[in-house]
Structures are given as C-alpha cells and as structure tokens.
Amino acid sequence: MKYAVVDDTEKFAFREGELRVRGNPVIRVTHAGVCGTDMSSWREGAHYKGLILGHEYAGIIEEPGDSGLFRRGDRVAGYTQNVFQEPCGHCEFCLRGDFASCDNRTVKTWKGGDLTHPGAYSEYTTWFPRSIYKLPDSIGLDEAALIEPFTVGLHAVSLADIQKGDKVLVLGGGIIGLTVAEWVRGYGVSEVTVTEMNTEKAAIISAYGVADHVVPAGAPDLLEQLCGISGDGYDVVFDCVGYASAINAGIAALKTEFYKKFIGVGLPQDAQAINYRDLVLRQTIFRGSKGHSFQEFERTASAMASKEINVAKYISKRIRFSNLQEGFEELKAGRGLDTKAIVEMG
Ligand SMILES: [Zn+2]
Ligand SMILES: [Zn+2]
C-alpha cells in the first residue's frame, strides 16, 4: 500500500509498505481531514519525521477482523482514542495471537506513527474495533471526516450549560470556533457573534450564515463593537484562539452580572497577559475544554445524519492524496483562509 510520511520540514514523502495487523479491522481510507496539528507537524518536519499523519478520517472496511462487529464494505469513521483498551493487533504479541499480552492496550490516543500505528494519510489504516464508528447511510464519507472536529466543538458547548436566550460570543472563526457556533444554535440562543482576525476570512464566515454578527478581531474598537452588538454583554464566551488580546476582549465583553461563563478551548500562547483579575472579580465561571468522548463522537454523527448540523458547507478544499505535498503548500500559502481541507484518497 501507498502511504505518506513526514520526511523533512514542510515535506511529505510517499512510501510503499505492508500494514501488519492481526485480529483488528483494516480500513481502506477514503477521506482524511487536515487538522491544524497535521499542518503544524508538517511545518515542523524533523521532529515528526517518519510519522503518518491524519486522524480525522472515514473509510470502508477492507478486512473485518475478529471482533464480529464489522463486515467487509461497512462505511466507518475511526475515533481518536482506544476507548475500551483493546489490543492493538500489531505489536509483537498481537501478531503472534497473544492478545492478552498486548503492549499497546493503554495507548489511549492516536499519536501518528509508523506502519504499526498508522495515521490516515495512507491507503489503509487499522484501529481498535470498538472505537470505530459505523456510519449511517445518510452521512457522506467526506462529511464523516469532519465528525472529529465537530466533536471538539460539541464537547466545549456541553461544558457551558447554555440556556435558551443566551447571547454567545465565539472568539476565533477557525473550524473549531465555527463548530461551536453551529452547535450553540441548537440551544435556542438569542445571538451568536464570532470574531475573526482575518478580514477576508470574516467575509467567508458571514456567508456561512452560522453567526448573527462577524466582527473583525483586529479592529481598535473591538470591545465597543461587541458592546454595541450585545447591548449588555454576553452570557457565554468561548475562546477558540488562545491569544491574550482576544481573551481579554472576551472577558471584558461578558455581562457584568456574576457567574457568566468563559470556556477556554484554545491553548493560550501568552497566558501571563490574561486579565485574570477581571475573571475573579466578576466571579466568572471558567471551564477549560480539551478533547471529547466517544459518546460525543456518536452524538455528532447522529446530529449530522439527522441534518441537525450541516457540515458539508465547511469543506472548502479537496486535496488528492497524490497531491498531498502541493495541497499542504497551497494551504500554507492560503494563510488560513480555508475553513476545512480534506484529503481524498481516490
Ligand atoms: Zn484534529
Ligand atoms: Zn498489541
């Protein structure tokens, strides 16, 4: 099979090799999303040399394995964790059939890897059977590559105890910010405002119709604009950026009543500059959000199946697997204007 590895700084290389797996399913990958972490691993290069990237993917069962859960031809999406601590199917013990001694049961999260732990930028991959989700027919395989990023947003929103009529501010119009905006709509919020640094991107976000207001984050009068839009401030702020300047504007834009909520999704780059004092004085409820659960992954998929959320419109770029290198170069040159790129294995 053909697979791509990070070979150097901003360089993929294609390789040929065999996936060695016993007991667990083999999935023929059809679509794999490009995550921010895939992009940064490719850009850093050397440190990730030899890794097969791609952890947001969908495909078709090629070999069902021993679990009895799958049939050849099933359409599936892999989760990012080994939820039930199942044997990996490819360590020296598993390959001998001694699954009880598996080295990798405690491997919880996909880390990318070599042929024994491949990512999805590969014609085939393998995963722990009970952490593979069988797709309903109404979800396209391309859309299914977006289940994971939408689940990041769902997890953040589930921590916010959103109330009907809440005014919501989302800092950052990247894919995670947009998934948050998409989910909160389902709670009957009265208003969603998204801030976005890049003015060109702000226009693109407006066209999605997911936000009532899109405000350029770089505007010198950002706070005045937010106050003008919300009137008395926001009930809930989600930070999906991780910059103190944005976070501080978000804190200042909360309603002045106590117990308003700030949900941190982005990892702060300059945490020392965050206005912690205001968070304390306003008795803000702060929650950090990281990752998600398999139940949330399933919940996202069923929301997609029932069209409760519409994700297809966020696919802004399709990269053919054979053009992976060029595709990443274009994404880099596009300076973040793309909402979500997916790799089509073809
Ligand atoms: Zn990701
Ligand atoms: Zn094993």
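Calculation notes
- Residues numbered from 1 in each chain as written.
- Chains lettered and ligands numbered in written order.
- Predicted model: local features only at pLDDT ≥ 70, side-chain atom pairs only at ≥ 80, totals over all residues.
- Heavy atoms only, no water.
- Donors = N, O, S within 2.8 Å, 3.2 Å for Na, K, Ca; no water.
- Tetrahedral: all angles 85-135°; square planar, octahedral: opposite > 155°, others 65-115°.
- Helix = DSSP H or I, 4+ residues; strand = E, 2+ residues; numbered from the N terminus.
- Buried < 20%, exposed > 50% of the residue type's maximum accessible area, 1.4 Å probe, protein only.
- Pairing = 2+ DSSP bridges.
- Phe/Tyr/Trp six-rings, centres within 6.5 Å; stacked < 30°, edge-to-face > 60°.
- Axes fitted to C-alpha atoms, helices over the stretch in contact; angles between N-to-C directions.
- Contact = heavy atoms within 4.5 Å.
- Domains from an automatic or database assignment.
- Buried area = accessible area lost by both parts, 1.4 Å probe.
- Salt bridge = Lys/Arg side-chain N within 4 Å of Asp/Glu carboxyl O.
- Polar contact = N/O pair within 3.5 Å; in protein donor to acceptor, adjacent residues only side chain to side chain.
- Nonpolar A, V, L, I, M, F, W, Y, C, P; charged D, E, K, R; others polar.

By the naming in an unreviewed UniProt entry, the protein goes by Chlorophyll synthesis pathway, bchC and is assigned to uncultured delta proteobacterium.

Caption draft 1: Layout of the coordination of the zinc ion (ligand 2). Bound to the zinc ion (ligand 2) on the protein side are Cys-88 (SG), Cys-91 (SG), Cys-94 (SG) and Cys-102 (SG), at distances that span 2.3 to 2.4 Å. For the zinc ion (ligand 2), the 4 donor atoms in the first shell make angles of 104 to 116° at the metal, a pattern classed as tetrahedral. Counting residues between consecutive donors of the zinc ion (ligand 2) along the chain gives the motif C-x2-C-x2-C-x7-C. Within this pair, whereas Cys-91 is found in the loop between β5 (75–78) and α2 (92–96), its partner Cys-102 is found in the loop between α2 and β6 (124–126), the two being separated by 11 residues in sequence. Among the residues examined, Cys-91 registers a relative accessible area of 7% and is labelled buried. Assessed through its relative accessible area of 9%, Cys-102 is described here as buried.

Caption draft 2: Highlighting the pairing of β5. Sheet analysis places strand β4 (residues 57–63) next to β5, joined by 3 bridges and oriented antiparallel. Among the inter-strand pairings, Gly-59 is bridged to a residue of β5, identified as Val-76. Bridging between β5 and strand β7 (residues 132–134) involves 3 bridges; their strand directions are antiparallel. Across the sheet, Gly-78 pairs through a bridge with Ile-132, a residue of β7.

Caption draft 3: Highlighting the packing of aromatic side chains. Counted under the stated rule, the structure contains 15 aromatic pairs. Here the aromatic rings of Tyr-79 and Phe-294 are separated by 5.1 Å at their centres, their planes lie at 55°, and the arrangement is tilted. Here Tyr-79 is found in the loop between β5 and α2, whereas its partner Phe-294 is found in helix α10 (residues 294–305), with 215 residues between them in sequence. Judged by its relative accessible area of 2%, Tyr-79 falls in the buried class.

Caption draft 4: Structural detail: the sheet that holds strand β8 (residues 167–171). A sheet is described by the order of its strands in space; here 6 strands give the open sequence β10-β9-β8-β11-β12-β13, paired in parallel fashion. Each edge of the sheet is formed by a strand with only one pairing partner; in this case those strands are β10 (213–216) and β13 (285–288). Direction aside, neighbouring strands of the sheet carry axes that sit 15° apart on average. Packed onto the sheet, helix α8 (residues 244–252) meets β8, β11 (236–239) and β12 (261–264) and runs at close to 170° relative to β8.

Caption draft 5: Structural detail: the domain arrangement of the protein. Domain boundaries assigned for the protein yield domain 1 (2–146 + 311–344) and domain 2 (149–288). Between the C-alpha centres of domain 1 and domain 2 the distance comes to 31 Å. Facing the 12 residues of domain 1 at the interface are 11 residues of domain 2. Summed over both sides, the interface of domain 1 with domain 2 buries roughly 1,100 Å², with 58% coming from carbon and sulfur. Contact with domain 2 buries surface across domain 1, with Tyr-314, Leu-337 and Thr-339 losing the most and accounting together for 52% of the total. Our enumeration of links across domain 1 and domain 2 arrives at 2 salt bridges. Glu-182 is paired through a salt bridge with Lys-313; the nearest N and O atoms lie 3.8 Å apart. For the pair domain 1 and domain 2, the number of links is 5 residue pairs in polar contact (both at pLDDT 80 or more). The residue makeup of the side of domain 1 that touches domain 2, split by class, is 5 nonpolar, 2 polar and 5 charged.

Caption draft 6: Main features of the coordination of the zinc ion (ligand 1). For the zinc ion (ligand 1), the protein coordination sphere consists of Cys-35 (SG), His-55 (NE2) and Glu-56 (OE), at 2.2 to 2.4 Å. One chain supplies every donor for the zinc ion (ligand 1), spaced along it as C-x19-H-E. Linking Cys-35 in the loop between β3 (26–33) and α1 (36–44) with His-55 in the loop between α1 and β4, this pair joins segments that are 20 residues apart in sequence. Taken as a pair, Cys-35 and His-55 share a single burial class, namely buried.

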